[in-house]
Amino acid sequence: MKLFKLILIFTILGVTLSAPSVIAQPSIKIYHKTWIDFNKNGQKDLFEDSTQPITERVKDLLSQMTLEEKSCQLATLYGFGRVLKDSLPTERWKQEVWKDGIANIDEQLNGVGSGYRRAGHLIYPYANHAKAINSIQRWFIEETRLGIPVDFSNEGIHGLNHTKATPLPAPIAIGSTWNKALVHQAGEIVGKEAKLLGYTNVYAPILDVARDPRWGRILECYGEDPFLIAEMGIEMVNGIQSQGVASTLKHYAVYSIPKGGRDGACRTDPHVSPRELHELHLYPFRRVIQESSPMGVMSSYNDWDGVPITASPYFLTQLLRHEYNFKGYVVSDSEAVEFIQTKHQTAPDYDDAVRQALEAGLNVRTHFTSPADFILPVRRLVAENKLSLATIDQRVAEVLSVKFRLGLFDSPYVKDPKEADRQVGADKHLDFIMKMQRQSLILLKNDQHLLPLNKKQIRKVLVTGPLADEDNFMISRYGPNRLPTKSVLKGLQEYLNNEVEVVYSKGCNITDANWPDSELVPTPLTSDEEQAIQAAVAQAKESDVIIAVLGEDEHRVGESRSRTSLDFPGRQQILLEALHKTGKPIVLVLINGQPLTINWADRNIPAILEAWFPSYQGGTVIAETLFGDHNPGGKLTVTFPKSVGQIELNFPFKKGSHGKQYQAGPNGSGNTRVIGSLYPFGHGLSYTTFHYSNLRVDSPQKGTQGIVRIKVDIKNQGQRTGDEVVQLYIRDKVSSVVTYDSQLRGFKRITLSPGEVQTVQFDLTPTAFQLLDKNMNWTVEPGVFEVRIGSSSEDIRLRKEIELSE
């Protein structure tokens, strides 16, 4: 009967099995009404009993495992099209290393790479994918000795990394919403889609702190402020794990600030002091782990203070498990174990790198090679008495604990594959997709109220720039794929629907032939480049308004794509200046993944809209916003410097570190450097205005250990409904160590109708006032604090001092 059902499933999925591929039928019944006989011994073992404590179930299962089976729970098998050669189980799996099990299978049949071309019917429709995952899970349960289920993992920072799943904009855009409820909903959708498709572990969120804007992965971070990142991370983890799947945080730790912002083959040597390490880079991980209990953490492949993170007992055991109380399992970023030997060269050979990683606290190795490359060295190390079985048992127990928490030993299969077709997909969540993209847009500048544009007053609009009709930034390697995209040009054409004439002229390419060297030594325009710019200028002269879409595409920013300049690449600046000379009003739409040093544009272009990397409907929401159907309310979560020479220029910053120069006196020096940011952290305008008033602060009754309640009234003084992000900062007036000039400690995004007043309340617990004292202990020192309420870190509207007593 089982053989018939198995063949029937494969037939439905369009897979033909030859006789040698048929999986052998177990000799005894293993599926019972309330339990599964994983080890096929005809009796309910303690680990198979769902009523028993997880610790006891883990202990029982571990006692039955051989070294071969234990070592297989320490490695990832990358899915079909990457390492795994088969889309479904075959008889030859009995000769593979995973015949004894595997910790997890990553990105199995998710549509990335060649997998979709070779087995698209197992990826979409969704029910087929769920059935395929069930078939693979069934093989591990029925055809391995102990039947330990697989943890199916997948990426999820832009939405679930699966064909036509629900997309999210780039994480830098998600952070720019400043909307915790929306981020929680995003997590729920990612988790729900993962669960219905058979994935049990999602690699999200990224909690890296984006301090160097040259670094290519800025677009994958929520921002530069650790408090905002922690708040967003908590919501994303809670949302994902509310659906019964694991959330795996990345990249732990100090990953986002390699020396000089260099990425790719570098990714090393972060110049971060111990105090900054804990106050900035570890703060989000500490809070998210302690408050949301994620089941996974990904260890990064960089070092800190000369020690590779993946070989560091301090990071992987002392901090993570002892201080933060992490209860999940640690998976390495790809090649992190190998880098211990090859890049960092702190191991004489690869086997010793494996030993160092496992002894430090790594649970599961991940890389785009066979899992045998890690599993076999583990077995050798034990045989040679270089690695203790006690260490192996501890690491395996931590992996098994997560599998039990996920319910894989109680309900290992997708119960109703057809439910995936009913609930998964971008088409099921279009309202959410549009809302997230709208709320991520930031109005950086709007002189003379050029925006919103009025269709009735415009006859002809020119859409120009190399990003106007480009869409490659809308589909991420780490998010959904194969979705129909809508460029800015297409979005404007559909929105205006022949009411206004839309003409298009590209103007220039994203880069020139000599880029990035041309950033150092500019080269003359070619004849083709001159003609392209002249064509755009000619169209501009005949138009009423110009919408210039400039910035970066996915090939200019991202993983392994750091930059040395933050100016517009290629000939874009030349195009913009040529358009400006026509005297026609220009709206600049930025498509980019990191802050850009757009000083000329800020001084000369009246309206600038930051769109980051929007998702597949980006063109629609940008058109709606430019013409006033949507009022932008997003805020920057990263500082825009005026020059790369100012880096680091971030929020928060230590007192005095962003100070001006002395103009007179014994140390007077005049002006030798540029001061201040182009756009500060928290900046963002609206088509309406907001008035702040009536700040009230109730001091705690329990000294430094009470609750500080803060209230402020916000009024929409304009004629349009709009969103405001009310930001709360605090400043420690006098402290035993140097603290930050001010620190974000609360924010709320609110929507107000014209004339409406809303009271916003913040309740600050003692942790909001903590600092690391001279002995590196977190404490709240009594003293005076200034509460600051504003619309950005620099646009502070109200202030009030409070005193926390002994």
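Residues numbered from 1 in each chain as written. Predicted model: local features only at pLDDT ≥ 70, side-chain atom pairs only at ≥ 80, totals over all residues. Heavy atoms only, no water.

## Considering the overall build of the protein chain
Then, number 1: Scanning the protein chain for helices and strands turns up 22 helices and 24 strands.
Then, number 2: A globule of 806 residues ought to have a C-alpha radius of gyration of about 28 Å, and the protein chain, at 28 Å, matches this closely.
Then, number 3: Taken along the three principal axes of its C-alpha coordinates, the protein chain extends 80 × 70 × 55 Å.
Then, number 4: Taking the intrachain contacts of the protein chain between residues at least 6 apart in sequence as the baseline, contacts between residues at least 24 apart amount to 78%.
Then, number 5: Split by element, the accessible area of the protein chain, about 29900 Å² in all, is 47% carbon and sulfur.
Then, number 6: Across the protein chain, the mean location of the 90 positive side-chain charges is 3 Å away from that of the 94 negative side-chain charges. (Helix = DSSP H or I, 4+ residues; strand = E, 2+ residues; numbered from the N terminus. Rg over C-alpha atoms; globule rule 2.2 N^0.38 Å. Contact = heavy atoms within 4.5 Å. Areas by Shrake-Rupley, 256 points an atom, 1.4 Å probe, with all protein chains shown as cover. Lys, Arg positive; Asp, Glu negative; His and termini not counted. Charge placed at Lys NZ, Arg CZ, Asp CG, Glu CD.)

## A look at unusual backbone geometry
Then, number 1: The omega torsion of the bond from Leu451 to Pro452 falls at 0°, within 30 degrees of zero and hence cis.
Then, number 2: At the junction of Trp515 and Pro516, the peptide bond is cis and its omega measures out at 5° in the coordinates.
Then, number 3: Residue position: Pro516 is located in the loop between β12 (501–505) and α19 (527–541).
Then, number 4: A positive phi angle, close to 45°, is found at Asn497, a residue other than glycine.
Then, number 5: Within the element layout of this structure, Asn497 appears in the loop between α18 (488–496) and β12.
Then, number 6: In this structure, Ser560 takes a positive phi of about 70° despite not being glycine.

## As for the sheet that holds strand β20 (residues 757–764)
Then, number 1: One open sheet accounts for three strands, arranged β16-β17-β20; its pairing is antiparallel. Two strands in the sheet have a free side with no partner beyond their single neighbour: β16 (690–698) and β20. On average, adjacent strands in this sheet sit at an angle of 20° to one another, irrespective of strand direction.
Then, number 2: By the bridge criterion, eight bridges tie strand β17 (residues 708–716) to β20 in an arrangement that is antiparallel. Its bridge partner lying in β20, Val712 is registered against Val760. (Pairing = 2+ DSSP bridges. Axes fitted to C-alpha atoms, helices over the stretch in contact; angles between N-to-C directions.)

## What to know about the sheet that holds strand β9 (residues 329–332)
Then, number 1: Pairing is parallel in the open sheet, where seven strands are placed in the order β1-β2-β3-β4-β5-β6-β9. The sheet is open, and its two borders are formed by β1 (76–78) and β9, each paired with just one other strand. On average, adjacent strands in this sheet sit at an angle of 30° to one another, irrespective of strand direction.
Then, number 2: Where β1 meets strand β2 (residues 104–106), three bridges bridge the pair, whose relative direction is parallel. From the neighbouring strand, Leu77 faces β2, where its bridge partner is Ile105.

## Notes on helix α5 (residues 126–143)
Then, number 1: Over its 18 residues, α5 extends 26 Å from the first C-alpha to the last, a length consistent with the 26 Å expected when each residue adds 1.5 Å.
Then, number 2: Among the 18 residues that make up α5, 16 are buried, leaving the element largely enclosed by the rest of the structure. (Expected span 1.5 Å × (residues − 1). Buried < 20%, exposed > 50% of the residue type's maximum accessible area, 1.4 Å probe, protein only.)

## A word on the packing of helix α2 (residues 54–63) against helix α15 (residues 389–405)
For any two helices packed against each other, the geometry is given by the interaxial angle and the distance between the axes.
Then, number 1: Remark: α2 packs on α15, axes separated minimally by 9 Å, with the N-to-C direction vectors making an angle of 125°. Here α2 lies oblique to α15, going by the angle between them. Handedness of the crossing formed by α2 with α15: right-handed. Residue-level inspection shows Ile54, Arg57, Val58, Leu61 and Leu62 of α2 in contact with α15, the latter providing Asp393, Val396, Ala397, Leu400, Ser401, Phe404 and Arg405. (Parallel < 35°, antiparallel > 145°, perpendicular 65-115°, else oblique. Left-handed = near helix turned anticlockwise from the far one by under 90°.)

## Let's talk about the pattern of salt bridges
Then, number 1: Summed over all chains, the structure comprises 48 salt bridges.
Then, number 2: A salt bridge links Glu338 to Arg365; its shortest N-O distance comes to 2.8 Å. Of this pair, Glu338 sits in helix α12 (residues 336–342) while Arg365 sits in the loop between α13 (350–360) and α14 (372–383); the two residues are 27 residues apart in sequence, bridging distant segments of the chain. The two residues Glu338 and Arg365 agree in class, both being buried. (Salt bridge = Lys/Arg side-chain N within 4 Å of Asp/Glu carboxyl O.)

## Quick look at the environment of Ser370
Then, number 1: Along the polypeptide, Ser370 turns up in the loop between α13 and α14.
Then, number 2: According to the relative accessible area criterion, Ser370 is partly exposed, its value standing at 28%.
Then, number 3: Counting along the chain gives twelve residues from Ser370 to Leu358, while the straight-line C-alpha distance between them is 18 Å.
Then, number 4: Apart from the residues within four sequence positions on either side, Ser370 is in contact with Val83 and Arg365.

## Some details on α13
Then, number 1: Of all eleven residues that make up α13, nine are buried, and the element is covered over most of its length.
Then, number 2: Listed as buried for α13 are Tyr350, Asp351, Asp352, Ala353, Val354, Gln356, Ala357, Leu358 and Ala360.

## Here's the deal with the nonpolar core
In a soluble, globular protein the nonpolar side chains are often hidden away together inside.
Then, number 1: With 212 residues, the main nonpolar core has Tyr252, Phe315, Leu579 and Leu626 as its most contacted residues.
Then, number 2: Considering every element that reaches this core, the biggest residue donor is helix α8 (residues 226–241), with nine residues.
Then, number 3: Residues within four places of Leu579 in sequence aside, it is in contact with Leu462, Thr464, Ala536, Val537, Ala540, Ile546, Ala548 and Ile586.
Then, number 4: Residues Val697, Ile710, Ala768 and Val780 belong to the second largest nonpolar core, which totals 25 residues. (Core = buried A, V, L, I, M, F, W, Y, C linked by side-chain atoms within 4.5 Å.)

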